[in-house]
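Report on the structure
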Amino acid sequence: MEQEYDRFSREMDARAVRDAIGEGKKYHIVVYGCQMNVRDGETAAGLLEEMGFSRAESREDADLVLFETCCVRENAENRALGNVIWLKELKRDKPDLLIAVGGCMMQEPGMAERIRKMYPFVDIVFGTHNLYRLRHLVREAVEGRRGIEILGEGGLQEGLPAVRQSSFSAFVNIMYGCNNFCSYCIVPYVRGRERSRAQEDILEEARRLRDSGVQEITLLGQNVNSYQGGGAAFAELLRRLDEMGIPRIRFMTSHPKDLSDELIAAFGSLKHLCGHLHLPVQSGSDRILREMNRHYTREKYLSLVERLRAVRPDIGLTTDIIVGFPGETEEEFRETLSLCREVRYDAAFTFIYSPRQGTRAASMPDDTPAAEKTRRIEELIALQHEHTASALASQVGRVERVLVEGVSERSSETVMGKTSRFLAVNFPGKADLVGSFVDVRITGAGRNTLRGERV
Ligand code: SAH
Ligand code: SF4
Ligand code: F3S
């Protein structure tokens, strides 16, 4: 498919759509899920603009609405489907509206077929492996056919256009897919096997971003640190990006089992690598970690944390935690709490385990009542609030360099930005500061953010 859909066919499709839709047609993209989907949404926007669409602020103003769906947990899926059904109403008033649904959920077995049958108002369906075919599918739809296509496996697509959400902070994909098959997780099934982009392609993209004024890049992958087969290759890529002089480099998400010595050392030696690492632990119990197929122990994880802090004492750590994995006992849950007390994360994303069809954990016996799982997650969240508060309080009095991201929703006289450690700071300032670095003295801490003043 890849070879067949060459540059020429792509251009023919884009031209056919441009001719068919005429002037002034608009698109609106709604993204669910993780940064991967955000980045895919940027590519979709680039492809749509090549076809002659321009961006609409809201779905109501759009002639084409595209949903990038997520299926990592059941509620993500319900939310996406609920919203698609809502679009049916919109289409009643606006029969020419094109509705496109793409992303991870469409890769689930039987899902595209279900949409074809049960949601006849959906015009375009694609998955994670054929986003690059969007021009072809939109052409089908504007010519009156339904553009429904799902591919089983994807390769690597270079040279696709993108409309980035920010002019100063950019996501750069370095690898796609995941080979880990954590027993609870659907991602490997819907994103396919790991494949890394060539180092030269990544460096070239980063160079172009730097030259266009980007101040921060975040390298993306389901498992960034297994880039090209190991932490050493990833550390090498980071080193080359560091030499390029982009002020800030971040990456996510890292798997603890692939956190190599070279990568830990990079946190001590690279000038532009930010002092933050998102390192999902999932559980503090060795038995649960084994059942989850995570390939590390609690002790191994804690030793990584210790070594990271040895090379970079002020590094901020954040994590993902699943509560109520099948068979998790109260005692095992307490081990997660005690691990959190040892690490003291700046922030934690906490989830109640959600069974995903086709994964190994979905067939494991699970007799913990839902109410009990809710109690556990509430206890975990309360503990995390304490740790977040103390992390924020520890910053008061420091002067931090902040990259300003935007104007506060509450006041046009307040701006918000992030420190290297990924902590949010609000301080007096106006829109002209957005996209620039400002040195800020931290004067106070709220529940989730810091307050400060320019120095
Ligand atoms: N590749 C990343 C992110 C995966 S999805 C990683 O490995 O960390 C983001 C988070 O969702 C996971 O870290 C996990 O905590 C959570 N998650 C994944 N599947 C889940 C499930 N079935 N139920 C509850 N949480 C889940
Ligand atoms: Fe899912 Fe595990 Fe892969 Fe992350 S590493 S995407 S949790 S299978
Ligand atoms: Fe969701 Fe797909 Fe990301 S399932 S979490 S959008 S990789």
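All figures in this text were calculated on a predicted structure; none of them were measured in a lab.

A short note on the site of ligand 1
Around ligand 1, 14 residues are found, and the nearest of them are Arg73, Gln222, Gln282, Asp320 and Ser354. Residue tyrosine 184 places a main-chain N or O atom 3.0 Å away from a nitrogen atom belonging to ligand 1. Note that a nitrogen atom of ligand 1 is positioned 2.7 Å from one of the backbone N or O atoms of serine 354. Burial of ligand 1 by the protein chains amounts to 89% of its free accessible area of 530 Å².

Let's talk about the pairing of strand S3 (residues 64-69)
Side-chain direction in a regular strand flips from residue to residue, so the side chains alternate between the two faces of the sheet. Within S3, six of the six residues are buried, leaving the element largely enclosed by the surrounding structure. The side-chain alternation of S3 yields two buried faces, one formed by Leu64, Leu66 and Glu68 and the other by Val65, Phe67 and Thr69. Sheet topology note: the strand S1 (residues 26-31)/S3 ladder contains five bridges and is parallel. Residue pairing in the sheet places tyrosine 27 in a bridge with leucine 64 of S3. Bridge count for S3 against strand S4 (residues 98-103) is six bridges, and the pairing is parallel. Residue glutamate 68 lies in a different strand from S4, and its bridge partner there is glycine 102. Once the chain exits S3 it traverses helix H3 (residues 74-93) before rejoining the sheet at S4, and the crossover so formed is right-handed.

Some words on the sheet that holds strand S19 (residues 450-454)
Sheet architecture is closed into a barrel: five strands sit in the order S15-S16-S17-S19-S18, paired in mixed fashion. Each strand of the sheet is rotated relative to its neighbour by a mean of 55°, with strand direction disregarded.

Notes on the pattern of salt bridges
All told, the structure shown has 45 salt bridges when counted by the stated rule. With a shortest N-O distance of 2.9 Å, glutamate 400 and arginine 398 are connected by a salt bridge. Through salt bridges with shared partners, a single network forms among Glu328, Glu330, Arg334, Glu372, Arg375, Arg376 and Glu379.

A word on helix H4 (residues 111-118)
Every α-helix winds through 3.6 residues per turn, so residues three or four apart in the chain are directed the same way. Considered for burial, the residues of H4 that qualify are Met111, Ala112 and Ile115. Projected onto a plane normal to the axis of H4, the buried residues spread over an arc of 105° and lie on a single side. Exposed residues on H4 whose side chains face more than 90 degrees from its buried face are Lys117 and Met118. For H4, the elements touching its buried residues are H3, strand S5 (124-125) and strand S6 (147-148).

Quick notes on the sheet that holds strand S13 (residues 316-323)
Pairing is parallel across the open sheet formed by three strands, whose spatial order is S12-S13-S14. The open sheet has two edge strands with one neighbour each: strand S12 (276-278) and strand S14 (347-352). Looking at each pair of strands side by side, their axes are set apart by 10° on average, direction ignored. Two elements, S13 and S14, share six bridges in a ladder whose sense is parallel. If you follow aspartate 320 over to S14, its bridge partner there is phenylalanine 349.

So, the packing of helix H11 (residues 298-311) against helix H12 (residues 330-343)
Put simply, H11 and H12 touch, their axes get as near as 11 Å, and they point 15° apart. Classed by the angle they form, the pair H11 and H12 counts as roughly parallel. Both H11 and H12 take part in a crossing whose hand is right-handed. Here Arg298, Tyr301, Leu302, Val305 and Arg309 of H11 lie close against H12, whose contacting residues are Glu335, Ser338, Leu339, Glu342 and Val343. Along the lines of polarity and charge, the residues of the contact of H11 with H12 split into five nonpolar, one polar and four charged.

Here's the deal with the pairing of strand S15 (residues 399-407)
Both S15 and strand S18 (residues 437-445) contribute to a ladder of five bridges, which runs antiparallel. Within the sheet, the bridge partner assigned to leucine 403 lies in S18 and is phenylalanine 437. Bridge analysis of S15 against strand S16 (residues 414-418) gives four bridges, and the strand direction is antiparallel. Directly across from glycine 406, in S16, lies its bridge partner methionine 416. The hairpin turn running from S15 into S16, its antiparallel successor, is six residues long.

Conventions and cut-offs
Residues numbered from 1 in each chain as written. Chains lettered and ligands numbered in written order. Predicted model: local features only at pLDDT ≥ 70, side-chain atom pairs only at ≥ 80, totals over all residues. Heavy atoms only, no water. Near = heavy atom within 4 Å. Polar contact = N/O pair within 3.5 Å; in protein donor to acceptor, adjacent residues only side chain to side chain. Areas by Shrake-Rupley, 256 points an atom, 1.4 Å probe, with all protein chains shown as cover. Buried < 20%, exposed > 50% of the residue type's maximum accessible area, 1.4 Å probe, protein only. Helix = DSSP H or I, 4+ residues; strand = E, 2+ residues; numbered from the N terminus. Pairing = 2+ DSSP bridges. Right-handed = clockwise from strand over helix to strand, strands pointing away. Axes fitted to C-alpha atoms, helices over the stretch in contact; angles between N-to-C directions. Salt bridge = Lys/Arg side-chain N within 4 Å of Asp/Glu carboxyl O. Arc of directions from axis to C-beta. Contact = heavy atoms within 4.5 Å. Parallel < 35°, antiparallel > 145°, perpendicular 65-115°, else oblique. Left-handed = near helix turned anticlockwise from the far one by under 90°. Nonpolar A, V, L, I, M, F, W, Y, C, P; charged D, E, K, R; others polar.

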